[in-house]
Amino acid sequence: MNSSVSGLDTLLARYVTGDVPEPVRVMLQAHLELSGKNRGFVRDLEALGGAMLEGLEPAPVGDRDKRLAEIFAQDQERPVPAPADTQADPVLPAALVHYLGHGLDGVRWRSQLPGLKVCAVDNPDGVEANLYWIRAGTAMPHHTHEGSEITLVLKGAFSDVTGHYARGDLSVADETVDHRPRAGEGEDCICFAVIDAPLRLTGPIGRFLNPFLKQ
Ligand code: ZN
């Protein structure tokens, strides 16, 4: 398991506990709308959080299977965001449309480089949220990060040293990732990215959940 995967797990745990900046919450909700990959994991974390709040006696740290078995025995199904409704924007998930107050047609793009357009969305609490439109086959400038960057693919796909990401996929890059994302051939790529998203868990719920996230 590489650092970006555990970074994503941590973000999802923070999402469950309500401990993420608004653009990150919107991004993760949009991810759950578009992709089924992490819905089960989020549901399990919600069950764990609920069990903790109900005072379930925790098993010894590291006894992950036993704890999970206890949780599953309770069969606490919690709702997760439903798939995007058919009335929504064909590209933007409903969570993002609600956040922006408009669909893709309302985005005011600014050209940044040949083949790359940007729209600054928001920057609360020191995080920076942007939409990117990358022309098919175009590579973004090579870069690394001082903080962390999470990116949700909304249309098309991109690839970098960490993998290939298609609609609904999340990429998590931190200061150890030095990359040059390139949009796939044949289709323009539209992404929602948040820079300096927190990747650490804090507080009592974080201390409870951390043993489940670190192998
Ligand atoms: Zn990056």
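Everything here concerns the structure above.
Residues numbered from 1 in each chain as written. Predicted model: local features only at pLDDT ≥ 70, side-chain atom pairs only at ≥ 80, totals over all residues. Heavy atoms only, no water.

A. Here's a closer look at the sheet that holds strand β7 (residues 170-173). Read across the sheet, six strands follow the order β1-β2-β3-β9-β4-β7 without closing on themselves; strand pairing throughout is antiparallel. One side of each edge strand has no neighbouring strand; the edge strands of this open sheet are β1 (110-113) and β7. Here the strands of the sheet are splayed against their neighbours by 30° on average, with no regard to which way each runs. Judged from the six bridges that link them, strand β2 (residues 116-122) and strand β3 (residues 128-134) form a sheet pairing that is antiparallel. Residue pairing in the sheet places Lys117 in a bridge with Trp133 of β3. Set on the sheet, helix α2 (residues 22-34) makes contact with β3, β4 (149-155), β7 and β9 (189-195); between it and β4 the angle comes to about 40°. (Pairing = 2+ DSSP bridges. Helix = DSSP H or I, 4+ residues; strand = E, 2+ residues; numbered from the N terminus. Axes fitted to C-alpha atoms, helices over the stretch in contact; angles between N-to-C directions. Contact = heavy atoms within 4.5 Å.)

B. The arrangement of the pairing of β4 in detail. Within β4, six of the seven residues are buried, which leaves it mostly tucked inside the rest of the structure. Relative to β7, β4 runs antiparallel, the two sharing four bridges. Directly across from Leu152, in β7, lies its bridge partner Leu170. (Buried < 20%, exposed > 50% of the residue type's maximum accessible area, 1.4 Å probe, protein only.)

C. Main features of the sheet that holds strand β6 (residues 163-166). On the basis of which strands lie adjacent, the open sheet formed by three strands has the order β6-β5-β8 and antiparallel pairing. Edge positions in the open sheet fall to β6 and β8 (182-183), since each of these has one partner strand only. Across two bridges, strand β5 (residues 157-160) lies against β8 in antiparallel orientation. In the sheet register, Phe158 faces β8, and the bridge partner there is Ala183.

D. Representation of the pattern of salt bridges within the structure. Summed over all chains, the structure comprises four salt bridges. A salt bridge links Asp169 to Lys37; the nearest nitrogen and oxygen atoms lie 2.6 Å apart. Here Asp169, found in the loop between β6 and β7, pairs with Lys37, found in the loop between α2 and α3 (39-53); they are 132 residues apart in sequence, far enough to count as distant. When its relative accessible area of 11% is taken as the criterion, Asp169 is described as buried. Glu187 is the partner of Lys155 in a salt bridge, and the nearest nitrogen-oxygen pair spans 3.5 Å. (Salt bridge = Lys/Arg side-chain N within 4 Å of Asp/Glu carboxyl O.)

E. A look at the pairing of β6. Sheet analysis places β5 next to β6, joined by four bridges and oriented antiparallel. Residue pairing in the sheet places Phe158 in a bridge with Tyr165 of β6. Here β5 folds back onto β6 in antiparallel fashion, the turn holding two residues.

F. Fine view of the nonpolar core. Counting 35 residues, the largest nonpolar core has Leu96, Leu131, Leu154, Phe192 and Val194 as the members making the most contacts within it. At the level of elements, α1 (3-16), α2, α3, α5 (94-100), β3, β4, β7 and β9 are the ones that each hand at least two residues to this core. It is α2 that provides the largest number of residues to this core, a total of six residues. By size, the runner-up hydrophobic cluster in this structure holds 12 residues, among which are Val118, Val153, Phe158 and Cys189. (Core = buried A, V, L, I, M, F, W, Y, C linked by side-chain atoms within 4.5 Å.)

G. Spatial organisation of the side chain of Ser171. Summarising the element assignment, Ser171 is placed in strand β7. Beyond its immediate chain neighbours, meaning those up to four positions away, Ser171 contacts Glu149, Ile150, Thr151, Phe158 and Tyr165.

H. Representation of the environment of Ser111 within the structure. Counting through the fold element by element, Ser111 comes out in strand β1. Under the relative-accessibility criterion, Ser111 is labelled exposed at 60%. For Ser111 and Trp133, which are 22 residues apart along the polypeptide, the C-alpha to C-alpha distance reads 9.3 Å. Residues within four places of Ser111 in sequence aside, it is in contact with Leu116 and Lys117.

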